[in-house]
Amino acid sequence: MAEEGPSIRLIQAAEHPRLLKMKEMFVSKFGSVPEFYVRAPGRVNLIGEHIDYCGYAVLPMAVEQDILIAVEPVKSQTFYLANTNSFYRDFSTSVNDIHINKTKPQWHNYFLCGLKGIQDHFNLKNLTGMNCLLDGIIPPSSGLSSSSALVCCAGLVTLRANGLSLSKTELAEICTKSERYIGTEGGGMDQAISFLGEEGMAKLIEFNPLRATDVQLPSEASFVIAHSCVEMNKAATSHFNTRVMECRLAAKFLAKYKGLKWKEILCLKEVQVKLGVNLEEMLLLVEEVFHLEPYSPEEICKCLEISLEELRTQILSKNTQDVLLFKLYQRAKHVFSEAARVLQFKKICEEAPANSIQLLGDLMNQSHVSCRTLYECSCPELDRLVDICRQFGAQGSRLTGAGWGGCAVSLVPTDKLPDLLANVQKAYYQSKKGRLAVEKPCLFATKPGGGALVFLEA
Ligand code: ADP
Ligand code: NG1
C-alpha cells in the first residue's frame, strides 16, 4: 500500500480563534478568503543531539507550537508572502524567479526553500502563484525547529497549491534536502518529526531509509521546555556547520585508517556499517585513531593526503573554509556515545522498569555533559538553566536542538511539575532582564503532538 500523505481536516474557521484572526487579516490584506490552511509543528528533541547528520537515530516529539499558513492560489505567477508579526516584512517575487540568499538568511528564504524543494522534485516549469499569510508560534532560533517547521509548511503549501501529492516520508526527505539551500548542513530529524509526529507518541527517527517508530513515554513523566533567553540563528553563524564538518572529517579519518574508500564516506554511521561493528567498538577506534589536540587544516591534509584546495572545495562547506581548528576526537566520541544513549532511552521506555524516570533522567544528564564538554554546543545560560531545573525536581535536564542558546528540556515526575514550574520561574526568569525573559518567558510542560496537516473550511 502506498504511504499516506498529510491528513486533511475539515474545520470552521469561526470556531478557531487563531484561524479566524488569520482569515480576517488575510481578507484585509489580499481582498479575498484563503482557500486552505497548512500547519507544521516544531519539535523538542528528547535525546540524540547532533547525531542525525551523522546518520544516527534520534528521539524527538512534535510540539503543539507550529507554523500556520493561510493560502490562496492565484492565476498570476506572483508569489506574495506576508506575516501576522510585523517584525517580518512582506515579500513578493515571480514564481519563476526564485533566489535563496545564503549569506543573509531572511525569513522568506526559509519559505523559498520549501517551495523550491517541491519545484525541483517535480521539475515544475510553471508553478502557480500564491497569496500566503503566515502565523508562527514556535520561539525562533531556540532549538525547537521553527526554521524546519516553516520549510515543511511551505513545502506542503506548494504541493497542495499545485494539485500534487506525496507521502509524509517523501515530503520529509525533500524538505530536509531543500532546507540546505539556506546554507545549513542539517540532518533530517526536524522535518521527519514535523510530518510524522503523532499525538501521544515520541518517535525514534532512523535514517537511510527514513522511518519513525512509536516510543511510549512513561505515563508518570512530564517534559518541560525552558528557554535560556539566548537566541542563536544557525544559518547566520558557522558553529553548526563547523560541527557537521568536524564529524565528516572524523568519518573520513576513521574510514582511511581502516582501509575503506574514504573519499565516498560522508558520515560516521557509514563507517560503522561498513566495518560491521558496534558502537562500543567505534568508541575504542576513536581512542586508537585520534589525538586529543585539535587538528589544523594542514595536518588534516597531510593525514588524508589531499591539498588545502581539495579540503576546501571538496569537503568543507562555504562558511567553514576558514576554520583553523577541528576537534575530531571530541566530536566523534560525543556522536558514538550519544547514539548509544538514544538506543538505551528507547529500550527503557519499552521495558518500563520501576525506576524508568531515574534511568531516563540519568541518560539526559549524561547527554548534556557530553554536549557541553565534548561537543561544546552549550553556553553558560543553558548550563545554569539545566542546573536550576535539576535543583527543583527534574530527574534529567539537557539542552535541546542545536544549542549555543535556545531551550533546555527536562524530565520531571508529574507530581513535582507545579513546584518545578513555579521555582524555575523564580530562580531563572525573575532576575533576568531583556525581551525574552520579561515579555514572554518561555517555560511550559509539553506533550507529544501531531504532525503537519491541511485544513479546509467545511
Ligand atoms: P530554529 O532552531 O528555531 O530552527 P533557526 O535559527 O535555524 O532556529 O531559524 C530561525 C529562523 O526561522 C528565524 O530567524 C526566521 O527567519 C525563521 N522563522 C521562525 N519563525 C518564524 C515566524 N513565525 N515568522 C517568520 N519567520 C520565522
Ligand atoms: P534546530 O537548530 O533545533 O532546528 C538543528 C538541526 C537538526 C539537528 C539539531 C541538533 C537543521 C534544520 N536542524 O536543529 O537536524 O542536527 O540541530 O541535534 O539543521
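Above this note sits the structure.
Now for a look at the structure at hand. Computed from a prediction, not measured in an experiment: that's the story for all the values here. Within any chain, residue numbers begin from 1 and follow the written order of that chain's sequence. Here chains are named by letter from A upward and ligands by number from 1 upward, in the order in which they appear as written. Local features are withheld for residues below a pLDDT of 70 in this predicted model, meaning they are given only at 70 or higher, and side-chain atom pairs are given and counted only at 80 or more; totals for whole chains, interfaces and linings count all residues. By convention in this description, side-chain values take in all heavy atoms of the structure and omit both hydrogens and water.

### Some thoughts on the site of ligand 2
And step 1. Nearness is defined per residue: one heavy atom within 4 Å of the molecule or strand is enough. In the neighbourhood of ligand 2, 18 residues make up the surrounding shell, with R43, E49, H50, D52 and D190 lying closest.
And step 2. Polar contacts, as counted here, are pairs of nitrogen or oxygen atoms within 3.5 Å of one another; within protein the pair requires one atom able to donate a hydrogen and one able to accept it, and residues that are adjacent in sequence qualify only if both atoms are side-chain atoms. D52 has a polar side-chain atom sitting 2.6 Å from an oxygen atom of ligand 2.
And step 3. One of the side-chain N or O atoms of K234 is found 2.9 Å from an oxygen atom in ligand 2.
And step 4. Areas reported here follow the Shrake-Rupley algorithm with a probe of radius 1.4 Å; residue values treat only the protein chains shown as occluding. Isolated, ligand 2 exposes 440 Å² of accessible area, and the fraction of that covered by the protein chains is 97%.
And step 5. Comment: elements are numbered from the N terminus, with helices defined as DSSP H or I runs of at least four residues and strands as E runs of at least two. Sort the elements by how many residues they give to the shell around ligand 2 and helix α5 (residues 189-196) lands first, with three residues.
And step 6. Gly is put with the polar residues, along with every residue not named as nonpolar or charged; the nonpolar set is Ala, Val, Leu, Ile, Met, Phe, Trp, Tyr, Cys and Pro, and the charged set is Asp, Glu, Lys and Arg. Classifying every residue of the shell around ligand 2 by side-chain character gives four nonpolar, eight polar and six charged.

### Some words on the packing of aromatic side chains
When we look at a pair of aromatic rings, we describe it by the centre distance and by the angle of the planes.
And step 1. For Phe, Tyr and Trp, rings pair up if their centres lie within 6.5 Å, where Trp contributes its six-membered ring, and each pair is then called stacked (planes under 30 degrees apart), edge-to-face (over 60) or tilted (otherwise). Enumeration over the complete set of coordinates arrives at twelve aromatic pairs.
And step 2. With a centroid separation of 5.5 Å and 75° between ring planes, the pair formed by Y53 and F240 is classed as edge-to-face. One end of the pair, Y53, is in the loop between β2 (36-47) and β3 (59-74); the other, F240, is in helix α6 (residues 239-257), with 187 residues separating them in the sequence. Here the two residues Y53 and F240 agree in accessibility, since each one is buried. Buried residues are those whose accessible area, probed at 1.4 Å on protein chains only, stays under 20% of the maximum for their type, while exposed residues exceed 50% and partly exposed ones sit between those limits.

### A short note on the site of ligand 1
And step 1. Residues in contact with ligand 1 amount to 17 residues; listed here are only the nearest, N83, S141, S146, S147 and K234.
And step 2. Between an oxygen atom of ligand 1 and a side-chain N or O atom of S141, the distance comes to 2.8 Å.
And step 3. Within the backbone of G143, one N or O atom sits 3.3 Å away from an oxygen atom of ligand 1.
And step 4. Against a free-state accessible area of 570 Å², the protein chains account for coverage of 92% of ligand 1.
And step 5. Of all elements in the fold, only α2 (107-122), β6 (129-136) and α3 (146-161) reach the threshold of two or more residues within the shell around ligand 1.
And step 6. No other element matches α3, which puts three residues into the shell around ligand 1.
And step 7. Split into classes, the residues belonging to the shell around ligand 1 amount to seven nonpolar, nine polar and one charged.

### Topic: the packing of α2 against α3
And step 1. The geometry of α2 relative to α3 is characterised by a closest axis approach of 8 Å and an angle of 45° between their N-to-C directions. The angle between α2 and α3 places the two elements in the oblique class. Note that α2 runs across α3; the crossing there is right-handed. Counting all contacts with α2, which are made through W107, Y110, F111, C113, G114, L115, I118 and F122, the residues of α3 involved are S147, L150, V151, A154, G155, V157, T158 and L159.
And step 2. Broken down by class, the residue content of the contact of α2 with α3 amounts to twelve nonpolar, four polar and no charged. In this analysis, axes come from line fits to C-alpha atoms, helices being fitted only over the stretch in contact, and the angle between any two N-to-C directions falls in the range 0 to 180 degrees. Any angle from 65 to 115 degrees is called roughly perpendicular, while one under 35 is roughly parallel, one over 145 is roughly antiparallel, and all others are oblique. Should the near helix be turned counterclockwise from the far one by less than a right angle, the crossing is left-handed, whereas a clockwise turn marks it as right-handed. Contact definition: two residues touch when any of their heavy atoms are within 4.5 Å.

Any link to function would need more than the numbers given here.
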